[in-house]
Amino acid sequence: MTGKRSYAYYEGCSLEGTAAAYDASVRLVMESLGVGLEEPPDWSCCGSTPAHATDHLLAAALAARNLAIVEGMGSNTLVTPCPSCLSALKKAHGRMAKNRVFKEEVNGLLDTPYQCTVAAKSALQVIYEDIGLEEVARPVTTALAGLRVAPYYGCILNRPPALACFDDPENPVSMDLILKAVGVDVVDFAFKVECCGAAFGVPKAEMVHRLTAKVLDMALDAGANCIAVACPLCQQNLDLRQGQVNAALGTSYHIPVFYFSQIMGLAYGYSPGQLGIDKLIVSADALIGTRGPVEKSSAAAEAGKKEAV
Amino acid sequence: MGAINPAVNREGDFMAEVGKESGENPLLCYQCGNCTAGCPYTEFFDYPVHRIMRLIQVGQRETVLTSKAIWLCASCETCTTRCPCEIDVAHIMDTLRAMSLREGKCAEKDVRTFYDAFLASLQRHGRIYELGILMRYNLLSRHVFADADLGPKVMAKGLIRFLPTNIKGRDEVAGIFRKYAEKRK
């Protein structure tokens with residue numbers, strides 16, 4: 001690796017609240033990978049679904065305020081763990097870059113205009129593309145023999161392809177390969193990109209219960225004993241609402257739902273407490289209880305190299 | 001779902017209106033149904049998404065803007081990803097929500113109440129405050145006990161914050177809302 005990589009890091013509101021464990025685990029993993037993260041000063045909410053379901057001008061302005069702050073930091077790449085933030089930031093940038101009239105309209109709502117120089121990437125994308133599987137395998141100290149993971153990407157992390165420009169929109173593999181590179185057993189999972197119910201958890205719980213149940217069911221069907229996610233809403237729906245799903249549909253799911261960064265962190269030797277794994281509603285204690293030290297990470301690094309070819 | 005006769009009841013040039021506001025061309029849709037085949041929400045919709053596209057083409061303004069479907073769409077982008085005509089269908093659904101909202105035609109009040117609670121929190125603090133949004137939603141939607149069952153779980157795990165983050169630039173954020181409202185007047 002040449003020099004230390006550094007990115008503007010937009011954590012987003014969820015990662016300040018219910019998804020604090022995602023934030024903690026991403027920061028630790030990035031540290032292990034030698035990546036510097038700098039928080040844009042006084043960032044604000046991206047607007048997420050409620051803003052774009054209201055008006056595109058409002059949505060773009062709420063997102064672009066943050067992009068302008070990143071420009072002010074002298075940075076041209078922003079990394080965010082949250083797919084909803086990612087989508088809002090990329091859409092605002094894309095529409096402003098493509099349409100000068102719209103750009104002027106949006107900038108008319110901002111104190112500091114956005115010049116359209118910032119590329120937003122997901123934390124998953126940075127780890128997969130910028131750092132690469134060989135580097136990802138290097139810090140591994142711990143074997144996670146008990147885990148059989150269904151990698152769940154969610155609906156908007158790599159879709160639509162023209163916007164996301166990352167991985168495959170129907171059968172993404174980046175998370176699969178990252179988890180394999182840290183030595184974890186990954187299953188073939190058909191529901192990688194099916195929607196879990198997204199932001200409807202509060203106003204339309206019955207919809208979320210039905211959609212979430214399908215994802216949980218397919219993960220079990222694939223032989224997984226846990227799920228890895230890259231989205232705070234996916235995590236909330238699959239984990240926090242798993243009890244609601246069981247109560248509403250008469251099912252008895254009991255499957256832990258990790259952030260992918262928590263699994264990476266375990267493999268890198270961080271404790272469950274540091275990674276917020278003790279905050280999972282469906283306990284993962286039994287699964288991670290079987291972990292132990294690995295011989296220097298050469299085996300995992302080899303696996304990573306092979307998969308990358 | 002009422003009977004629709006495309007030969008009559010055309011309400012202005014709705015397709016051109018949607019085309020202009022979305023920047024997409026709804027006429028490119030040839031009704032292959034790929035969007036509906038992949039839509040995870042179609043079982044909950046009153047009109048499946050390919051039919052929304054057809055209703056736009058035949059100028060059924062009122063039917064579309066008062067549909068539940070446009071508000072039950074989660075913007076999961078499956079339709080946009082799979083459209084063989086490369087129509088950004090999810091963006092059209094978004095555009096229809098904006099039109100429906102402006103004209104006071106939203107047929108899914110709870111969804112809108114949740115979005116409004118979210119935006120109110122953002123406008124006030126600069127960032128959203130999850131507990132505040134839930135409490136405001138429960139009050140305004142009169143679903144007072146929505147997600148009350150989750151309370152003990154999130155508290156036991158220390159997942160919920162009891163105070164919002166107020167950013168320094170919250171006046172600037174409130175200014176975005178104010179200037180936007182003036183512009184849309």
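Residues numbered from 1 in each chain as written. Chains lettered and ligands numbered in written order. Predicted model: local features only at pLDDT ≥ 70, side-chain atom pairs only at ≥ 80, totals over all residues.

J.: What am I meant to see in the overall build of chain B here?
T.: Along the backbone of chain B there are 11 helices and 0 strands. With the principal axes as the frame, chain B shows a C-alpha extent of 55 × 40 × 30 Å. Considering chain B as a whole, with its 185 residues, one finds that 43% of them fall into the buried category. Across chain B, contacts joining residues at least 24 apart in sequence account for 64% of those joining residues at least 6 apart. (Helix = DSSP H or I, 4+ residues; strand = E, 2+ residues; numbered from the N terminus. Buried ≥ 20, exposed ≤ 12 C-beta atoms within 10 Å, placed from the backbone. Contact = placed C-beta atoms within 7 Å.)

J.: Can you help me understand the sheet that holds strand β9 (residues 257-259) of chain A in this one?
T.: Two modes of strand pairing occur in sheets, parallel and antiparallel, and in both the strands are linked by backbone hydrogen bonds. All names here are of chain A. The strand order β7-β6-β8-β9 describes an open sheet built from 4 strands, whose pairing is parallel. Of all strands in the sheet, those bounded by a partner on one side alone are β7 (185-186) and β9. With 2 bridges connecting them, strand β6 (residues 148-151) and β7 associate as parallel partners. Across the sheet, the residue bridging to V149 is V186, located in β7. (Pairing = 2+ DSSP bridges.)

J.: Looking at this model, I keep getting lost on the pairing of strand β3 (residues 77-80) of chain A. Mind explaining?
T.: On any regular strand, side chains alternate: one points to one face of the sheet, the next to the other face. Residues and elements named next belong to chain A. Across 2 bridges, strand β1 (residues 5-9) lies against β3 in parallel orientation. Bridge pairing links A8 to L78 in β3. Here 4 bridges tie β3 to strand β4 (residues 119-122), and the two strands are oriented parallel to one another. In the sheet register, L78 faces β4, and the bridge partner there is A120.

J.: I would appreciate a short explanation of the nonpolar core in the present structure.
T.: Core analysis: the biggest nonpolar cluster contains 167 residues, and A:I178, A:I227, A:V229, A:F260 and A:I263 have the highest contact counts within it. For A:F260, the contacting residues outside a window of four places in its chain are A:L124, A:M175, A:I178, A:L179, A:A228, A:V229 and A:A230. (Core = buried A, V, L, I, M, F, W, Y, C linked by C-beta atoms within 7 Å.)

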